[in-house]
Amino acid sequence: MIKPLTANQLRPACTADSLPFKTTAELEDPTTIVGQERALKAVEFGINVHHRGYNLYVMGPSGLGKHGIIRKYLNKKAAAEEIPADWCYVRNFEQDYKPYALKLPAGQGKLFKKDMKNLVEDLGKAINAAFEATEYQDQVQQIEKIFTKKQSSLIEKHIEKAESENIILSQTSSGFLLTPMKEGIELSEEEYDALPADEKEIIDHKIENFQDELDYLIPEISRQRREHNIKLKKLNKKVALFATGNLIKDVKRRYKAFKHVISYLKSVQDDVLDHLEFFLESEEEENADSNTKNATNALIRYQVNLIVDSSKMKGSPVIYLDNPTYHNLIGRIEYENRSSGPSTNFTLIKSGALLNANGGYLVIDAHKILNMPHAWEALKRSLYAKKVKIESLDQVLNTDTTLTLEPEPIPLKVKVILLGDRLTYYMLHEMEPDFPELFKVEADFDEEMPRDDDNTLLYARLIASRARKHQLRDLEAGAVARLIEFSSRLANNAENLSTRLRTIDDLLIETQYWAMQSDHQYITLEDVQHAIDAQFERTDRIQKLIQQDIQRGTLLIDTHGEEIGQINGLSVYDVGKFSFGSPSRITASVHMGEGSIINIEREVDLSGSIHDKGVLILSALIASRYTRDTPLSFSASIAFEQSYGRIDGDSASLAELCALISALTNIPLSQSFAVTGSLNQQGHVQAIGGVNEKIEGFFDICNQRGLTGKQGCIIPQINVMNLLLRKDIIDAIENKQFHIYAVTHYEQALEILTGIPAGEEHIDGTFEKDSLNDRVVKKLCQYAKLKKANQVK
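Figured I'd write up the structure that's included with this text. Within any chain, residue numbers begin from 1 and follow the written order of that chain's sequence. Local features are withheld for residues below a pLDDT of 70 in this predicted model, meaning they are given only at 70 or higher, and side-chain atom pairs are given and counted only at 80 or more; totals for whole chains, interfaces and linings count all residues. By convention in this description, side-chain values take in all heavy atoms of the structure and omit both hydrogens and water.

Further remarks concern the sheet that holds strand S1 (residues 56–59). Strand pairing in a sheet relies on backbone hydrogen bonds. The paired strands run either parallel or antiparallel. Spatially, five strands are ordered S8-S13-S16-S1-S17 in an open sheet, and the strand pairing comes out parallel. Edge positions in the open sheet fall to strand S8 (318–321) and strand S17 (441–444), since each of these has one partner strand only. Mean inter-strand twist for the sheet, computed between neighbouring axes without regard to direction, equals 20°. Here a residue-residue contact requires only that any non-hydrogen atoms of the pair lie within 4.5 Å. Every axis in this analysis is a line fitted to C-alpha atoms, fitted for helices over the stretch in contact. Angles between the N-to-C directions lie between 0 and 180 degrees. The numbering of helices and of strands both runs from the N terminus, where a helix is a DSSP run of H or I of at least 4 residues and a strand a run of E of at least 2. Running at roughly 155° to S17, helix H2 (residues 37–48) makes contact with S1, strand S13 (361–365), strand S16 (415–420) and S17 of the sheet. Of the strands in this sheet, S1, S8, S13 and S16 touch helix H3 (residues 66–79), which is tilted by about 175° from S13. The pairing criterion for strands is at least two bridges between them, as found by DSSP.

See below:
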């Protein structure tokens, strides 16, 4: 029979004496990221391959510090890279709804915006000064004089001709008026009506004929006025060009290296000459509002919308988009509410994270962007096209029937890093055809790192650096040793250390509180243990309630004595971030039948598929082990007693088989033990999860009832490496008050539970007489004979 495990096998200790320092004040911060060498190699590869599609998906569960590690790496790399360009939107004077995008070196966009603002102000001053000059006024008066003379001459000529026909031609605000006269005196309507009919007919005929003259006169007057306006406009342009030419040339000279800027400034100059009214000011007080409106129009019309300003950057940008909505990612076109309705212009175009990260790195949470409507599709479009097109969602969805802006797309060069879990990565790889094309590099962060001497010291340095980061007190070596043990427990493996930095940080912060409460200069081992105990105490309400029900007898669990077909199984409960173990009674009953094993939980739909699989393996195992030549002639039922929730997992397979064999052979099982372990069809015991929680759960029940020295747990041998038990359990094992047995085969567990040897198999397939296996075979043969006898009858 196998022997119980020793205390040293249950919790590989890390002590203060094994660490080469007294406090963490002696330790330097790690120079590299601890425990993530493989992931960082993948990140470095993905960042340095500058081809389309080599974006990164950084995966791993939350709490590993992925965000912080990636930011730290990217910030260091970005600091040594080139600062990206500025981007501006300016007015397209030919097509207002299609603003131009201008690219300028970092910092030049801000200067260009300021230069354009100053230029507009200077243009207004220069134009008004030029138009107020005496020379300009004289030229205007001369043009007006010539125009007036031409108009007067033309009208007087027609007036004289009209008078010769006894018609008065008079000019009004609405046009020309023809009135009959007699003997040089204008006729009133009454006088005209009193005339004989034949005389009125003659007058009407003359007026009608003279109307044809007016058909020539009015167009001629309009033509002369147009010529007059053209002359004034040419004069205004000439004077304005002379007044503003040098101002615009000065700006052009500053940006002569940028052809697109020079082209825009030429368009500005042409547009200024076509819209001088925006700059002209009236000296009359009633026109003050008009002057302000004109000045505002001029400022907006020639304003520079600097949407990406790199003037304050030191290296390439690193942007983390916390809320990746469509507009936060791509950008937006805003609107102003006016009396005529919503209105927009190029100055209301706003950039999104893609443009802000252009030339650098954009970090996005995968789960968040996938849950934002249209954001994922917009990201894919931009990465495929290598440009950002700012447009409203209505435009994208073709639901906008109004005319809106269509800004010129901006070229995109950005490295996108998605942060997410593994399940999301596998789902995208399977269901999203574009994902493998756009995110070709995966960086998989490890939850664990090997626990050897070098890594133990490196982990101690990591603990020291995290304490400094959070401005905590230094830790004594004993406190660090306890944290290292806690980390192994967190990794659920005595041979590994956890890289879940968030959990380590939380515990460190809580140890600071207990150190302050105890007025310790350093954080001590007691402070760490106090923090660990306090964490459990805050979250163990449900565990305490279950334990109370067991002690009161509400939940039936035996911790001494023997029973047939009854055994203590072990379960793990997950309640939020807290997990705990508790024993569960498993029973089995056997009767003659057709070889079926009924899983009662399955019959009432309370069993998961993995648990169903474990139960099905039992019948196959019994048949192959004990009745190779004859069919099974019994039926059995297995149940988790007082279980009212769903059960899944195969970790109860070993306990279920022991209960089944006990019921089959009528051999009682010791109730001082709790059993956990998975089985395969050969009877080998396989690994299970939550071994520490399960042992601690059963120990607590036994301890509350009083340890007898006979109680203990039976676990898979492979799970010994996962053991990191509480100190009170270690003490009880050292004092031989509690025992842990590690088994590799179900027969070993049966020997412990029954005290009867399992029995070796002979060459002829029989077993040692009166051994457990022999009794199983005999009982099965008995059932087979009874069944055959019943069939004969």
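So, about the sheet that holds strand S21 (residues 566–575). With mixed pairing, seven strands are arranged side by side in an open sheet as S23-S24-S22-S21-S26-S29-S30. Of all strands in the sheet, those with a lone pairing partner are strand S23 (597–599) and strand S30 (739–743), marking the two edges. The mean inter-strand angle of the sheet, taken between neighbouring strand axes irrespective of direction, is 30°. Judged from the seven bridges that link them, strand S22 (residues 578–592) and strand S24 (residues 634–640) form a sheet pairing that is antiparallel.

In this structure, alanine 443 sits in strand S17. In this structure, the C-alpha to C-alpha distance between alanine 443 and leucine 40, residues 403 residues apart in sequence, is 7.2 Å. Setting aside chain neighbours within four positions, we find alanine 443 in contact with Ala39, Ala42, Val43, Tyr57, Val58 and Met59.

Here, a salt bridge means any side-chain nitrogen of Lys or Arg that lies within 4 Å of a carboxyl oxygen of Asp or Glu. Counting across every chain of the model gives 29 salt bridges. A salt bridge links aspartate 271 to arginine 301; the nearest nitrogen and oxygen atoms lie 2.5 Å apart. Of this pair, aspartate 271 sits in helix H8 (residues 259–274) while arginine 301 sits in helix H9 (residues 288–301); the two residues are 30 residues apart in sequence, bridging distant segments of the chain. Partly exposed residues are those whose accessible area sits between 20% and 50% of the maximum for their type, while under 20% is buried and over 50% is exposed, using a 1.4 Å probe and protein chains only. Aspartate 271 sits in the buried class, given a relative accessible area of 6%. Ionic pairing is found between glutamate 747 and arginine 625, a salt bridge with its closest N-O pair at 2.3 Å. Highlighted residues: glutamate 747 in helix H27 (residues 746–754) and arginine 625 in helix H23 (residues 609–626), separated in sequence by 122 residues. Here glutamate 747 and arginine 625 have matching classes, each one buried. Residues joined in a network through salt bridges with shared partners are Glu377, Lys380, Glu432 and Asp434.

Between two packed helices, the angle of one axis relative to the other and the distance separating the axes together describe the packing. Relative to each other, H23 and helix H24 (residues 653–665) sit at 50°, their axes nearing to 10 Å. Put simply, H23 runs oblique to H24. In this structure, H23 meets H24 at a crossing whose hand is right-handed. Residue-level inspection shows His611, Gly614, Val615, Leu618, Leu621, Ile622 and Tyr626 of H23 in contact with H24, the latter providing Ser653, Glu656, Leu657, Leu660 and Ile661. Gly is put with the polar residues, along with every residue not named as nonpolar or charged; the nonpolar set is Ala, Val, Leu, Ile, Met, Phe, Trp, Tyr, Cys and Pro, and the charged set is Asp, Glu, Lys and Arg. Across the contact of H23 with H24, the residue classes tally to eight nonpolar, three polar and one charged. An angle below 35 degrees is read as roughly parallel, one above 145 as roughly antiparallel, one from 65 to 115 as roughly perpendicular, and any other as oblique. We call a crossing left-handed when the near helix sits turned anticlockwise from the far one by less than a right angle, and right-handed when that turn is clockwise.

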